Each structure stands twice: as C-alpha cells, then as structure tokens.
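# Structural characterization, general
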Amino acid sequence: MSRPVISPVSRGAAGRAAVAPKKQSADQAREAWGEAFRRVRAETEERAAHLSAEDQIVQSMADASPTKWHRGHVTWFFEQFLLMPNDPSYKIFDERFSFLFNSYYVAAGPRHARPQRGLITRPNGGDVTSYRAHVDAAVERLIANVPAADAERVFSILEIGLHHEQQHQELLITDILHAFAQNPTDPVYERGWKPPRATQGPRGFVEVPAGIHAIGHDGEGFCFDNETPWHDELIPNVRIARHLVSNAEWLEFIAAGGYSTPSLWLSDGWAAVQAEGWQAPGYWRQNDAWHVMTLAGLKPVDPAEPVLHVSYYEAEAFARFAGKHLPSEAEWEVAARASAIADAFGIAWQWTRSAYLPYPGYHAAEGALGEYNGKFMVSQMVLRGSSLATPAGHERMSYRNFFYPPARWQFSGLRLAEFV
Ligand SMILES: [Fe+2]
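Described below are features of the structure shown in this document. (Residues numbered from 1 in each chain as written. Predicted model: local features only at pLDDT ≥ 70, side-chain atom pairs only at ≥ 80, totals over all residues. Heavy atoms only, no water.)

Moving on, we get to the packing of aromatic side chains. Ring pairs (aromatic) are described by centroid distance and by the angle formed between their planes. A full pass over the atoms with the stated rule returns 33 aromatic pairs. Between the aromatic rings of F403 and W409, the centroid separation amounts to 5.5 Å while the plane-to-plane angle is 80°, which identifies the pairing as edge-to-face. The burial state of F403 is the same as that of W409; both residues are buried. The positively charged end of R117 is found above the aromatic ring belonging to W69, 3.6 Å away from the centroid. (Phe/Tyr/Trp six-rings, centres within 6.5 Å; stacked < 30°, edge-to-face > 60°. Buried < 20%, exposed > 50% of the residue type's maximum accessible area, 1.4 Å probe, protein only. Lys NZ or Arg CZ within 6 Å of the ring centre and 35° of its normal.)

Read across the sheet, four strands follow the order β12-β11-β10-β13 without closing on themselves; strand pairing throughout is mixed. With partners counted over all chains shown, the strands left at the sheet margins are β12 (401-403) and β13 (412-413), one partner each. Where strand β11 (residues 381-384) lies against β12, three bridges are found, and the strand directions are antiparallel. Across the sheet, residue M381 finds its bridge partner in β12, namely F403. (Pairing = 2+ DSSP bridges. Helix = DSSP H or I, 4+ residues; strand = E, 2+ residues; numbered from the N terminus.)

Between helix α2 (residues 67-86) and helix α4 (residues 125-145), whose axes approach to 9 Å, the crossing angle comes to 30°. With respect to their mutual orientation, α2 and α4 come out roughly parallel. Every pair of crossing elements has a handedness; the one defined by α2 and α4 is left-handed. Within the contact between the two elements, α2 uses K68, R71, G72, V74, T75, W76, F78, E79, L82, L83 and N86 and α4 uses G125, V128, T129, Y131, R132, V135, A138, V139 and L142. Along the lines of polarity and charge, the residues of the contact of α2 with α4 split into eleven nonpolar, five polar and four charged. (Axes fitted to C-alpha atoms, helices over the stretch in contact; angles between N-to-C directions. Parallel < 35°, antiparallel > 145°, perpendicular 65-115°, else oblique. Left-handed = near helix turned anticlockwise from the far one by under 90°. Contact = heavy atoms within 4.5 Å. Nonpolar A, V, L, I, M, F, W, Y, C, P; charged D, E, K, R; others polar.)

Before going further, it helps to examine the coordination of the iron ion. When four donors bind a metal tetrahedrally, each ideal donor-metal-donor angle is 109.5 degrees, and when six bind octahedrally, the ideal angles are 90 or 180 degrees. Protein-derived coordination of the iron ion comes from H73 (NE2), H164 (NE2) and H168 (NE2), at a distance range of 2.1 to 2.2 Å. Read from N- to C-terminus, the donor residues coordinating the iron ion fall into the pattern H-x90-H-x3-H. Linking H73 in helix α2 with H168 in helix α5 (residues 148-181), this pair joins segments that are 95 residues apart in sequence. Neither residue differs from the other here; H73 and H168 are each classed as buried. (Donors = N, O, S within 2.8 Å, 3.2 Å for Na, K, Ca; no water.)

Its location among the elements puts G211 in strand β4 (residues 211-215). A relative accessible area of 22% means that G211 is categorised as partly exposed. Spatially, the C-alpha atom of G211 lies 5.6 Å from that of L234, the residues being 23 residues apart in sequence. Beyond its immediate stretch of four places on either side in the chain, G211 contacts E233, L234 and I235.

A few words on the side chain of T352. Along the chain, T352 turns up in strand β10 (residues 349-355). A distance of 2.8 Å separates a polar atom in the side chain of T352 from the backbone oxygen of V382. Apart from the residues lying within four places of it in its own chain, the contact partners of T352 are Y312, L326, P327, S328, E329, M381, V382 and R384. (Polar contact = N/O pair within 3.5 Å; in protein donor to acceptor, adjacent residues only side chain to side chain.)

With that settled, consider unusual backbone geometry. Each neighbour pair has its own omega, and for R122 with P123 the value is 5°, a cis peptide bond. Among the secondary structure elements, P123 is positioned in the loop between α3 (97-101) and α4. At the junction of T228 and P229, the peptide bond is cis and its omega measures out at -5° in the coordinates. Tracing the backbone through its elements, the reader meets P229 in the loop between β4 and β5 (231-235). The backbone phi angle of S379 is positive, close to 70°, even though this residue is not glycine.

See below:
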C-alpha cells in the first residue's frame with residue numbers, strides 16, 4: 001500500500017482530524033506542511049503550463065470545467081474553508097470570486113451555473129494567477145503563525161485542501177483532453193507523452209479467498225470520509241482478472257457486434273448507445289485503422305494497452321459479452337491489498353459493479369465540508385484504483401472514485417471477475 005506522499009502527519013482514527021506524530025516538533029510540522037503545500041500548488045501550475053490562455057477558458061461539455069476555473073476553484077477552497085475561518089486578518093482577494101469559483105457547496109453560498117463556466121472570460125488567466133499568489137502567501141503565513149493549540153485542526157483542513165487540489169489536477173487533464181478531442185486539428189497536450197506501460201505476462205484470474213474481509217480506510221494516513229468506516233464485507237467464491245481488459249479484447253467486442261447487440265446491454269446502456277451513437281470507446285476514431293485521441297494527440301490504438309474511456313454501461317456489456325462480471329469494490333480491494341492483481345493503480349480507474357453508497361455506519365463530516373462526498377451517494381457507480389492522470393501519491397487501497405454510468409471522459413477501464 002502506498003501512502004500519500006503529501007501528508008507529513010499521520011491520522012488517528014479514520015475520519016478524525018490529523019494528528020502530528022509526537023516525534024515531529026511543531027516547527028517540523030509547519031515546515032512539512034509548507035513544503036507539501038508548495039509542491040501541490042506547483043503541480044497544478046505545471047499541468048496548466050502546457051496550455052495557452054485560449055485553451056484554459058474552453059468548456060467542452062457541462063461535466064468538464066475550464067482549466068482556468070480549476071485553478072481558481074482550488075484556490076477558493078483554501079480561501080473559503082481554511083483562511084476565512086482561521087485567519088481573522090485575511091483580506092478576501094475579490095468578493096465576486098466566491099460566486100464564480102464555488103462548485104457545489106450550498107452552505108458556502110450561491111454559485112455560478114456549472115455548464116456556463118466556459119463563458120467567463122473575466123477574470124482572465126492573469127487575474128487567476130494573482131488570486132493564486134494572494135492565497136498562497138496567506139496560507140504560508142497561516143502555516144507559520146497558527147497558534148499551536150489550533151495547529152492540528154488547521155492542518156487537517158489544509159490537508160483536505162491539498163487532496164482536493166490533486167483531484168482537480170486529474171480533472172484538469174481529463175477535461176482538456178475532452179476539449180481537444182472536439183478539435184479537428186487534434187491538439188497535443190504534451191508532445192512526447194507516452195501512456196504508462198501495462199504489466200505484461202500471463203493473463204488469467206486469481207482467486208480471492210472467500211469469507212469475511214475487512215475493507216475501507218484502516219486509520220493510517222489521510223482519507224476522505226467516504227472511505228470510512230473500516231468494516232467487514234462477505235466475499236463469495238470469486239476470481240478476479242490479473243490484468244485490465246485490453247484494446248485487443250475490445251476490438252474483438254466491436255468486431256463481434258457488441259455495440260449493435262441489445263441483449264448485451266442494460267436498458268439504460270442500450271438507450272445511451274442509441275442516443276450517443278457509440279460504436280467504440282470514447283475518443284476512438286476509425287480512419288484506415290482505429291485511432292484514439294491521447295495527451296500526445298491522435299495515435300493508433302495499441303492492442304496491447306488497456307482500454308480507456310469506457311462508460312459503466314460499456315464495461316458491463318463487455319463483461320456480459322465475455323461471460324464474466326465486474327468485481328465488486330470489496331472484491332477489488334481485497335485482491336489489491338493481497339497484491340494479487342496487476343496495474344491496480346496508475347493506468348485506468350476500474351469500474352466495479354458496486355453502487356456508490358455509504359459504508360455501514362458512515363457519517364459525513366460536519367459543516368460545509370460534509371458536502372464533499374456524502375451528498376453524492378445515489379445513482380453513481382464506484383471506480384477503484386487510479387489513472388494515468390492521478391497525481392503521484394494520491395492513490396490509496398481504500399480510495400472510492402465515483403461517476404455516473406454514462407461517463408467516459410475519465411481514464412476509465414475495467415477488469416473482469418468470475419464466480420466459481
Ligand atoms: Fe472541487
């Protein structure tokens with residue numbers, strides 16, 4: 001299990017405030033948090049630096065946000081939840097920004113409509129850069145000066161803000177790729193970008209020991225509240241694919257008429273196939289051969305690589321086509337904790353057959369930050385692992401990502417399961 005590299009403190013009981021280890025002095029904690037803050041903020045700017053001012057304002061669909069908005073929103077998060085409640089001397093950069101950069105926090109006040117974020121040309125990119133600098137300086141001052149009695153609580157909010165910004169770093173990439181995929185000139189995000197190599201070797205299935213297994217966050221390091229509590233799950237006799245489903249396998253699905261065979265599809269899935277005209281994964285185009293839009297522009301589909309940009313509906317139809325199933329999130333986690341599966345992290349978020357629901361005994365955090373995860377626990381499906389766009393150190397065994405079943409602009413793939 002890899003621990004989040006941005007967290008310089010350990011957490012006690014899952015879901016409670018971060019607690020600095022006794023061996024870490026107050027000065028060391030301030031220094032470590034300052035470093036973590038600067039590193040995460042710099043990563044956002046590094047990802048945005050590949051993009052022009054024009055690139056950064058475009059919004060290609062309601063689910064995707066402009067880069068400029070991501071840069072402003074993560075900054076607002078620190079201003080709203082860290083600085084305003086904890087620094088009486090903090091001066092708000094611009095009173096209008098809360099309306100523009102609040103995403104979905106009802107408790108934090110009214111907000112601009114999400115589908116219209118791409119209409120905002122002012123503040124311009126330079127204004128957002130100034131906003132970031134203003135908040136950066138204020139957060140650095142808070143880290144240096146927060147009274148010792150408040151430090152643990154304040155640093156726990158800072159920690160959430162850092163993990164939140166990392167989530168948006170991934171969205172920045174997936175959202176601009178969606179925008180570039182609408183552009184007939186096939187823009188390149190990063191020349192020379194290469195997809196991570198999938199693990200090679202014998203394919204096949206690995207057995208997950210049947211019985212009661214504990215899953216969820218084990219209390220070590222940071223987690224979001226939706227990963228708690230650590231709890232027991234009953235695992236049936238199941239085997240999970242060692243590898244992710246590949247493009248070669250997906251080409252077989254296409255060749256066999258997978259996208260034109262209604263009996264393979266959930267009713268809602270078949271409706272989506274009809275309405276959207278799906279004939280292949282997202283960003284695939286058939287010229288002389290199949291190509292796919294990537295961060296390095298349009299590239300031939302590599303049969304050896306895992307399939308990406310498939311919806312839950314497609315993943316479920318493929319599993320049915322293969323005579324298999326998708327694993328549940330508990331089955332996935334038990335297999336991953338046992339290091340039994342390849343490429344659990346770093347290539348594709350993997351759809352599970354688990355609906356995104358609260359774990360037994362889950363309680364959302366108190367206050368506005370309680371809106372972070374809990375209010376979305378309906379109508380979405382859980383994805384596990386992490387993707388090629390996930391920032392280093394952000395992944396966790398217990399991490400629960402979630403999207404609506406038709407979504408496919410994320411780097412989403414699948415692995416299969418079978419019951420024995
Ligand atoms: Fe956010």
